[in-house]
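The chain contents come next:
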Amino acid sequence: SAHAIEDKGVVYPTSEHLYNALKFRDPAIRAIICAARSPLQAKQLANQVYRLKQMTHWPQEKVSAMEYVLRLKLAQHTEVVEVLMGTGNLEIVENSPTDAFWGCGADGTGQNWLGQLWMKLRDERR
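Note that the structure is a prediction, hence the values are computed from the model and not measured.

**A few points about the pattern of salt bridges**
Now for step 1: Under the definition given, this model contains 5 salt bridges.
Now for step 2: For D7, the salt bridge identified is with K8, shortest N-O distance 3.6 Å.
Now for step 3: The partner of E67 in a salt bridge is R71, and the shortest N-O contact between them spans 2.7 Å. Linking E67 with R71, this pair stays in helix α4 (residues 58–76), spanning 4 residues, or about one helical turn.
Now for step 4: In this structure E67 comes out as buried when scored by relative accessible area, which is 14%.

Quick look at the structure:
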């Protein structure tokens, strides 16, 4: 969703911008990603242009980084909390046929980490 998120005094246009900026320690690269015109461009900059400069331990950190981003989003946007809580006990699935890690993948057997994190945060708020 197009909700800006503030992290340590910097306002990122979307959670995708912040998530991708967190892949880097270099503040200059983080600023470039923050200024990306779209969430897709932020992802492309992180994964294609600056990939070799990502933190080496990123694969082990990415789930906790996403949880951090989602917690900020909930803390800063009450309307996101309302939508999340409005899902009741329904399973939340990131319906991404191209991403079997964050989403359900092409065949529906993906790990759905994004959905799992949303459900975890929803359960904590109850």
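**Observations concerning the environment of R37**
Now for step 1: Examined against the element boundaries, R37 turns out to sit in the loop between α2 (27–34) and α3 (39–49).
Now for step 2: The exposure class assigned to R37 is exposed, which follows from its relative accessible area of 75%.
Now for step 3: For the pair formed by R37 and K53, sequence separation is 16 residues and the distance between their alpha carbons is 21 Å.

**Some points on the nonpolar core**
Now for step 1: Counting residues in each nonpolar core, the largest one holds 33 residues, and the members touching the most others are L18, Y19, I33, M66, L70, L74 and W118.
Now for step 2: Looking at this core, the elements that each hand over two or more residues are α1 (15–21), α2, α3, α4, α5 (78–85) and α6 (113–125).
Now for step 3: Per element, the largest residue contribution to this core is 7 residues, and it comes from α4.

**Looking at the environment of G86**
Now for step 1: Along the chain, G86 turns up in the loop between α5 and α6.
Now for step 2: The spacing of G86 and R122 is 36 residues in sequence and 9.6 Å in space, taken between C-alpha atoms.

**Quick notes on α3**
Now for step 1: Of the positions making up α3, those classed as buried are Q41, A42, L45 and A46. Down the axis, α3 shows its buried residues gathered within 135° of arc, on one side only. Along α3, exposed side chains directed more than 90 degrees from the buried face belong to L40 and Q48.
Now for step 2: Contact partners of the buried residues in α3: α1 and α2.

**Digging into the packing of α4 against α6**
Now for step 1: At their nearest, the axes of α4 and α6 sit 10 Å apart, and the two run at 50° to each other. One element, α4, and the other, α6, form an angle in the oblique class. The two elements α4 and α6 meet at a crossing, and its hand is right-handed. The segment α4 lies against α6, with V63, M66, E67, L70, R71, K73, L74 and A75 engaging W113, L114, L117, W118, K120, L121, E124 and R125.
Now for step 2: Of the residues that constitute the contact of α4 with α6, the class distribution is 10 nonpolar, no polar and 6 charged.

Cut-offs applied
Residues numbered from 1 in each chain as written. Predicted model: local features only at pLDDT ≥ 70, side-chain atom pairs only at ≥ 80, totals over all residues. Heavy atoms only, no water. Salt bridge = Lys/Arg side-chain N within 4 Å of Asp/Glu carboxyl O. Helix = DSSP H or I, 4+ residues; strand = E, 2+ residues; numbered from the N terminus. Buried < 20%, exposed > 50% of the residue type's maximum accessible area, 1.4 Å probe, protein only. Core = buried A, V, L, I, M, F, W, Y, C linked by side-chain atoms within 4.5 Å. Arc of directions from axis to C-beta. Contact = heavy atoms within 4.5 Å. Axes fitted to C-alpha atoms, helices over the stretch in contact; angles between N-to-C directions. Parallel < 35°, antiparallel > 145°, perpendicular 65-115°, else oblique. Left-handed = near helix turned anticlockwise from the far one by under 90°. Nonpolar A, V, L, I, M, F, W, Y, C, P; charged D, E, K, R; others polar.

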